[in-house]
Amino acid sequence: QVQLVESGGGLVQAGGSLRLSCEVSGRTFSNYAMGWFRQAPGKEHEFVAGISWTGGTTYYADSVKGRFTISRDNAKNTVYLQMNSLKPEDTAVYYCAARSQRLFDSSTASTRGAYNAWGQGTQVTVSS
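Quick summary incoming for the structure in this document. (Residues numbered from 1 in each chain as written. Predicted model: local features only at pLDDT ≥ 70, side-chain atom pairs only at ≥ 80, totals over all residues. Heavy atoms only, no water.)

For Thr 122, the location among the structural elements is in strand 11 (residues 122-127). Of the residues examined, Thr 122 reaches a relative accessible area of 11% and is grouped as buried. Polar contacts involving the side chain of Thr 122 include one to the main-chain amide nitrogen of Gly 9, which spans 3.2 Å. Excluding residues within four positions of it along the chain, Thr 122 makes contact with Glu 6, Ser 7, Gly 8, Gly 9, Leu 20, Ala 92, Val 93 and Tyr 94. (Helix = DSSP H or I, 4+ residues; strand = E, 2+ residues; numbered from the N terminus. Buried < 20%, exposed > 50% of the residue type's maximum accessible area, 1.4 Å probe, protein only. Polar contact = N/O pair within 3.5 Å; in protein donor to acceptor, adjacent residues only side chain to side chain. Contact = heavy atoms within 4.5 Å.)

Following the sequence through the fold, Glu 6 ends up in strand 1 (residues 3-7). The side chain of Glu 6 sits in the buried core without any salt bridge; Arg 112 is the nearest counter-charge, 11 Å away. Of note is the side chain of Glu 6, whose polar atom sits 3.0 Å from the backbone nitrogen of Gln 120. Of note is the side chain of Glu 6, whose polar atom sits 2.9 Å from the backbone nitrogen of Gly 121. Not counting chain neighbours up to four residues away, the residues in contact with Glu 6 comprise Ser 21, Cys 22, Trp 36, Tyr 94, Tyr 95, Cys 96, Gly 119, Gln 120, Gly 121 and Thr 122. (Lys, Arg positive; Asp, Glu negative; His and termini not counted. Salt bridge = Lys/Arg side-chain N within 4 Å of Asp/Glu carboxyl O.)

It is worth spelling out the state of the cysteines at this point. Summed over all chains, the structure comprises one disulfide. One disulfide in the model links Cys 22 with Cys 96; its S-S distance is 1.9 Å. Looking down the S-S bond of the Cys 22 and Cys 96 bridge, the torsion is 45°, so its handedness is right-handed. With Cys 22 in strand 3 (residues 18-25) and Cys 96 in strand 9 (residues 92-99), this pair connects stretches of sequence that are 74 residues apart. An identical accessibility class is assigned to Cys 22 and Cys 96; each is buried. (Disulfide = S-S within 2.5 Å.)

As summarised here, the arrangement of the four strands in space is 1-3-8-7, forming an open sheet in which the pairing is antiparallel. A strand with exactly one partner marks an edge of an open sheet, and here the two such strands are strand 1 and strand 7 (68-73). For this sheet the average axis-to-axis angle between neighbouring strands, irrespective of direction, equals 15°. Bridge count between strand 1 and strand 3: five bridges; the pairing is antiparallel. Its bridge partner being in strand 3, Gln 3 is matched across the sheet by Ser 25. (Pairing = 2+ DSSP bridges. Axes fitted to C-alpha atoms, helices over the stretch in contact; angles between N-to-C directions.)

Turning next to the nonpolar core. Residues Leu 4, Met 34, Trp 36, Leu 81, Met 83 and Tyr 94 are the most contacted members of the largest nonpolar core, which totals 39 residues. Elements with a minimum of two residues in this core: strand 3, strand 4 (33-39), strand 5 (46-51), strand 7, strand 8 (78-83), strand 9 and strand 11. At five residues, the largest contribution of residues to this core is made by strand 9. (Core = buried A, V, L, I, M, F, W, Y, C linked by side-chain atoms within 4.5 Å.)

Across a regular strand the side chains alternate sides, sitting on one face of the sheet and then on the other. Where burial is concerned, the two faces of strand 11 differ: the one with Thr 122, Val 124 and Val 126 is buried and the one with Gln 123, Thr 125 and Ser 127 is not. Pairing between strand 2 (residues 10-13) and strand 11: four bridges, direction parallel. By the bridge assignment for strand 11, Gly 10 is matched with Val 124. The pairing of strand 9 with strand 11 spans three bridges and is antiparallel. Pairing of Tyr 94 across the sheet is with Thr 122, part of strand 11.

So yeah, pure geometry; function would need other evidence.
Below is the structure:
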């Protein structure tokens, strides 16, 4: 069974940056495509970004494109989410997720139910 632990959340002013990390253990990390989702208070989970198991393919929500970058280091079993130019509307709990199946297209990457395992989440708060 794979375990995911997020870190790096916190409080930042609008326009600032944060880097989230998600360390994966329990299975071979390079066998998993990874995704980041977020949930703001009173809202549904929202897809943020996804990355294939090789790191060669990435997907982003329109709301974060050009500001956020997803990457992975398979040697460190870690996926990252670099968040720049943060806005108050980025405030949410951010979750990383792992998908073991090989198919990973834009539709799959952005679908919450396509992922097999989830972390506990890390809070990101952006003040105006």
